Amino acid sequence: MDAGATDERKIASDVLHIRAYAEADEPHVRDLLGGLPDLYPHGDKWLDRTFGEIRQGKARLTVGEIGNDIVAVSIEKPKSRGRMKLSTLYIHPDFRNMRVGFSFFSDLDTRWRREGWSEVYMTVASQGAYEVERLVKAFGFACIAVQEDRYGPGRNELVISNVSGS
């Protein structure tokens, strides 16, 4: 790896600004998450419902910006017994492998620990699981289960959590 690539990675993560979602972000977030229906049946309807839950305070959306561009998005939904589901974690492809995902996820993990969640978990389509597992492993997350054929034949989902499956 050349020094220029290292500098570019450091710069991208250093200028990442992480903040709470504002309603004016909705068109940009929808654009970023436009591929959801390809991964999940009715992903567009799920996103519509989720924006309603965000407005009602039942879900939380966080964005990561570089300059004026939203390049990272997370959607979290509290569940029962101190559990939080990370429903969406998205890093724009142009900013992957530049430590943007690591910086973004680190901020989320710090907040979850500060807020005292007993477990944070996510489900990930098997075709994208390697990248997600590689990112979250440093924070104590691991695959604890596989939901086979969750969205149709061969469309498996991995359950990744920050607690052991035992």
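In this report, we go over the structure that sits alongside the text. Keep in mind that what you see is a predicted model, and the values were worked out from it rather than measured.

1. Side note on the pairing of strand β5 (residues 119-125)
(1) Moving on: Most of β5 sits inside the fold, with seven of its seven residues counted as buried.
(2) Moving on: On β5, burial covers both faces: E119, Y121, T123 and A125 on one face and V120, M122 and V124 on the other are all buried.
(3) Moving on: Here strand β4 (residues 83-91) pairs with β5 via three bridges, running parallel. Within β5, the residue paired with K85 across the bridge is Y121.

2. Brief notes about the pairing of strand β7 (residues 157-161)
(1) Moving on: With respect to burial, β7 is a largely interior element, five of its five residues being buried.
(2) Moving on: Burial of the side chains of β7 extends over both faces: E157, V159 and S161 are buried on one face and L158 and I160 on the other.
(3) Moving on: The sheet contact formed by β5 and β7 spans five bridges and is antiparallel. Looking at β7, one finds that A125 is bridged to E157.
(4) Moving on: Pairing of strand β6 (residues 142-147) with β7, which is carried by five bridges, proceeds in the antiparallel orientation. Residue Q147 lies in a different strand from β7, and its bridge partner there is E157.

3. Things to note about the environment of L89
(1) Moving on: Here L89 lies in strand β4.
(2) Moving on: Among the residues examined, L89 registers a relative accessible area of 22% and is labelled partly exposed.
(3) Moving on: Discounting chain neighbours no more than four positions away, the residues touching L89 are V73, F104, F105, L108 and L135.

4. Observations concerning the nonpolar core
(1) Moving on: V100, F105, W112, M122, V136, F141 and I160 are the most contacted members of the largest nonpolar core, which has 25 residues in total.
(2) Moving on: Breaking this core down by element, the ones donating at least two residues are β3 (69-78), β4, α5 (100-115), β5, α6 (129-136) and β7.
(3) Moving on: L32, Y40, Y90 and A125 belong to the second-largest nonpolar core, a separate cluster that totals 17 residues.

Conventions adopted
Residues numbered from 1 in each chain as written. Predicted model: local features only at pLDDT ≥ 70, side-chain atom pairs only at ≥ 80, totals over all residues. Heavy atoms only, no water. Buried < 20%, exposed > 50% of the residue type's maximum accessible area, 1.4 Å probe, protein only. Helix = DSSP H or I, 4+ residues; strand = E, 2+ residues; numbered from the N terminus. Pairing = 2+ DSSP bridges. Contact = heavy atoms within 4.5 Å. Core = buried A, V, L, I, M, F, W, Y, C linked by side-chain atoms within 4.5 Å.

Interpretation in functional terms is not warranted from these geometric data alone.
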